[in-house]
Amino acid sequence: MAGFAVADGDGQPEFHGKITLYVVICGIIAATGGLMFGYDIGISGGVTSMDDFLEKFFPHVFAKKHIAKENNYCKYDDQGLQLFTSSLYLAAIVSSLLASRVCTKYGRKHTMLGASLFFLVGVVISTFAVNLAMLILGRLLLGAGVGFANQAVPLFLSEIAPVQIRGALNILFQLDITIGILCANLVNYAVSDIHPWGWRLSLGLAGVPAIILFIGSIVITETPTSLIEREMLHEGKDMLKKIRGTEEVDAEYNEIVAASERARQVKKPFRNLAKRSSRPPLVIGIVLQVFQQFTGINAIMFYAPVLFQTIGFKNDASLLSAAITGSVNVLCTLVSNFSVDRLGRKALLLEACVLMFITQTAIGSILHVHLKATNTLGQGTAIWVVILVCVYVANFAWSWGPLGWLIPSEIFPLETRTVGFAFAVVSNMLFTFIIAQAFLSMMCHLRAGIFFFFAAWILIMALFVIFLLPETKGIPIDEMGERAWKTHWYWKRYMGDEEVSDTKMKNIEDGFQK
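Note that this is a predicted model, so its numbers are computed, not measured. (Residues numbered from 1 in each chain as written. Predicted model: local features only at pLDDT ≥ 70, side-chain atom pairs only at ≥ 80, totals over all residues. Heavy atoms only, no water.)

Focus: the side chain of Ser-158
By the element assignment, Ser-158 lies in helix α7 (residues 132-160). A polar side-chain atom of Ser-158 sits 2.8 Å from a polar atom in the side chain of Asn-170. (Helix = DSSP H or I, 4+ residues; strand = E, 2+ residues; numbered from the N terminus. Polar contact = N/O pair within 3.5 Å; in protein donor to acceptor, adjacent residues only side chain to side chain.)

Laid out in structure tokens, this is it:
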């Protein structure tokens, strides 16, 4: 496959290598962690709109749903029902912090293996649940799997990728999330007429991507960075040669070793993350994950069938509409896959902010004018809402969706990489939980105003990108400090001298070059 050599005009070392088939295959296998996550996002909304599921676990919601002239915006407003969706993210918050330690001590590969095992056990318990407690326990175990996978997979992809395709390879994770959502929507549509156990089949099929990740985690490689970080230097160098397809890896190898040596000087990475020089990547990593949720995407993806039922679609039609938005999500994530390393991160984020703001505002305006408490939208108006939702999803899919994971995975130095990314993942899970737990209640109280709520956040996000987000396209992952933070008009004030003395660093560098 194509070869490359990376150097810049400031005397930075030149990296050689090929975009090898082996790296692509490893990336595809690892990214199935995103398939697990996406399937769960898509399946929960469909299951919670199925009458058989509601009648068994939430009979009061089932009864309220079928009361004539029940308030359109409030028929699903139930904290227990929302807890079914959101409980997963409570477990993911805790497991993400644990996963950062596992990632550092045992490697990215074994962390992904643990993710698949947690998820498989959760699938079995939730599929065969006979009461709400058992259902929630299954969700918590699924959450542990999601926390481990979301911690390990983006790091794995960023660390094995050549710099020229780091964005595209990392976006495989988000692409698989969107494929998972689409598969879940199609499954929900297919099983909606299977009574009374169609919902069990929906939940049980979540085991398929978990099995793929389990088998894949056994056969794929560990990243050279993780091997070198754990002092397996020869294995790390050999693996670097394998994934780059060349013997000329000394420059990249030396940089990884130097970064690993710096990381070993840090005995308490959590404390090091609190230092002034760690604030730029920490703030960016956390804020991007929070903003990703306040685009409103998961509110739509979790509850797409519920949302479409609210605006007047029947059950089958609402599931089909959700499948249409899922298809748009997949196709437009592919757009990001091909454009992120050409156009850059900031251009995609800003373009999306403009169109997402317009579509959220338009949807809110249409519902405010046409959808009252007890009526339904006309067919033509409802179709326009679906079209606007698809435009919104398309813009999210090639911007905030994949880049919300890509950028945090590439900006932390090795000494705080796993713990820093863990904070980003925890932030994502925390605000995913908040949105999942609050959305149906917010829709009940704010009605169409919920779309104006998310539109206001999108304006804030655009300003943040313009003024505070550095462009990371084309910068090697271990050179972010010098080439991203120290050259940024605002963040450079946080980047002081290294904690390690020049003499000590020179000794380190001399040691690994010998």
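Re helix α15 (residues 279-294)
A rise of 1.5 Å per residue sets the reference length of α15, with its 16 residues, at 22 Å; its end C-alpha atoms lie 22 Å apart and thus fit the reference within 8%. α15 sits mainly inside the fold: 13 of its 16 residues count as buried. A positive phi of about 95° marks Gly-296, the residue just after α15. (Expected span 1.5 Å × (residues − 1). Buried < 20%, exposed > 50% of the residue type's maximum accessible area, 1.4 Å probe, protein only.)

A few points about the pattern of salt bridges
When their charged atoms lie close together, side chains carrying opposite charge are able to pair. Under the criterion given, the structure shown has 14 salt bridges. Measuring nitrogen to oxygen at the nearest pair gives 3.2 Å for the salt bridge that ties Glu-159 to Arg-417. Placement of the pair is Glu-159 in helix α7 and Arg-417 in helix α22 (residues 417-446), with a sequence separation of 258 residues. In terms of burial, Glu-159 and Arg-417 fall into one category: buried. Note that Arg-417 is salt-bridged to Asp-478, the shortest N-O span being 2.7 Å. Highlighted residues: Arg-417 in helix α22 and Asp-478 in the loop between α23 (449-468) and α24 (480-485), separated in sequence by 61 residues. No difference in accessibility class separates Arg-417 from Asp-478, as the two residues are buried. (Salt bridge = Lys/Arg side-chain N within 4 Å of Asp/Glu carboxyl O.)

Some points on the packing of α15 against α22
Put simply, α15 and α22 touch, their axes get as near as 8 Å, and they point 25° apart. Regarding the angle of α15 to α22, the classification is roughly parallel. Of the two possible hands of crossing, α15 and α22 adopt the one that is right-handed. Contacts between α15 and α22 involve Leu-282, Gly-285, Ile-286, Gln-289, Val-290, Gln-292, Gln-293 and Phe-294 from the first element and Phe-423, Ala-424, Ser-427, Asn-428, Phe-431, Thr-432 and Ile-435 from the second. Class assignment for the residues of the contact of α15 with α22 results in eight nonpolar, seven polar and no charged. (Axes fitted to C-alpha atoms, helices over the stretch in contact; angles between N-to-C directions. Parallel < 35°, antiparallel > 145°, perpendicular 65-115°, else oblique. Left-handed = near helix turned anticlockwise from the far one by under 90°. Contact = heavy atoms within 4.5 Å. Nonpolar A, V, L, I, M, F, W, Y, C, P; charged D, E, K, R; others polar.)

So, the confidence of the model for the protein chain
Here the protein chain averages 83 in pLDDT, and 85% of its residues register 70 or above. Model confidence for the protein chain, summarised as mean pLDDT per element, is weakest for helix α25 (residues 502-513) at 43 and strongest for helix α6 (residues 108-127) at 96. Taken together, the stretch residues 498-514 has pLDDT below 50 and engages in 11 contacts with residues farther than four places along the chain or on a different chain. (pLDDT = per-residue confidence, 0-100.)

Brief notes about the environment of Ala-129
Following the sequence through the fold, Ala-129 ends up in the loop between α6 and α7. The class for Ala-129 is buried, based on a relative accessible area of 0%. Measuring from C-alpha to C-alpha, the distance between Ala-129 and Arg-200 comes to 8.7 Å, with 71 residues separating the pair along the chain. Those residues within four positions of Ala-129 in sequence are excluded, and the remaining contacts are Lys-56, Phe-57, Met-134, Leu-135, Trp-199 and Arg-200.

A few points about the nonpolar core
By size, the foremost hydrophobic cluster in this structure holds 139 residues, and its most contacted members are Phe-53, Ile-284, Trp-400 and Met-429. Sorting elements by how many residues they give to this core places α22 first, with 12 residues. With residues up to four places along the chain from it excluded, the contact list for Trp-400 reads Leu-288, Phe-291, Gln-292, Thr-295, Leu-349, Ala-352, Cys-353, Met-356, Met-461 and Val-465. (Core = buried A, V, L, I, M, F, W, Y, C linked by side-chain atoms within 4.5 Å.)

Considerations on a nonpolar patch on the surface
Where nonpolar side chains cluster on the molecular surface, the patch consists of Trp-197, Leu-201, Leu-205, Val-208 and Ile-212 and spans about 420 Å² of accessible area. Mapped onto the elements, Leu-205 comes out in the loop between α9 (198-204) and α10 (207-219). Accessibility expressed as a relative area gives 33% for Leu-205, which makes it partly exposed. (Patch = residues over 30% accessible without salt bridge, like charges linked within 9 Å, V, L, I, M, F, W, Y side chains within 5 Å. Areas by Shrake-Rupley, 256 points an atom, 1.4 Å probe, with all protein chains shown as cover.)

Considering the side chain of Ser-226
For Ser-226, the location among the structural elements is in helix α11 (residues 224-229). Excluding its chain neighbours within four sequence positions, the residues that come into contact with Ser-226 are Cys-103, Gly-107, Arg-108 and Glu-159.

Structural notes on a positive patch on the surface
Positive charge collects at one region of the surface, where Arg-276, Arg-279, Lys-492 and Arg-493 lie side by side. One can find Arg-279 in helix α15. A relative accessible area of 37% places Arg-279 in the partly exposed class. (Lys, Arg positive; Asp, Glu negative; His and termini not counted. Charge placed at Lys NZ, Arg CZ, Asp CG, Glu CD.)

Remarks on the packing of aromatic side chains
Evaluation of the coordinates by the stated rule reveals 20 aromatic pairs. Their ring planes at 50° and their centres at 5.3 Å tell us that Phe-53 and Phe-57 sit as a pair that is tilted. Placement of both Phe-53 and Phe-57 in helix α3 (residues 51-57) is noted, with a separation of four residues, approximately one turn of the helix. This pair shows no difference in class: Phe-53 is buried, exactly as Phe-57 is. Members of the aromatic cluster, connected to one another through ring pairs, are Phe-291, Phe-294, Trp-400, Phe-431, Phe-453, Phe-454, Trp-457 and Phe-464. Over the ring of Tyr-22 we find Lys-242; its NZ or CZ atom is 4.4 Å from the centre of that ring. (Phe/Tyr/Trp six-rings, centres within 6.5 Å; stacked < 30°, edge-to-face > 60°. Lys NZ or Arg CZ within 6 Å of the ring centre and 35° of its normal.)

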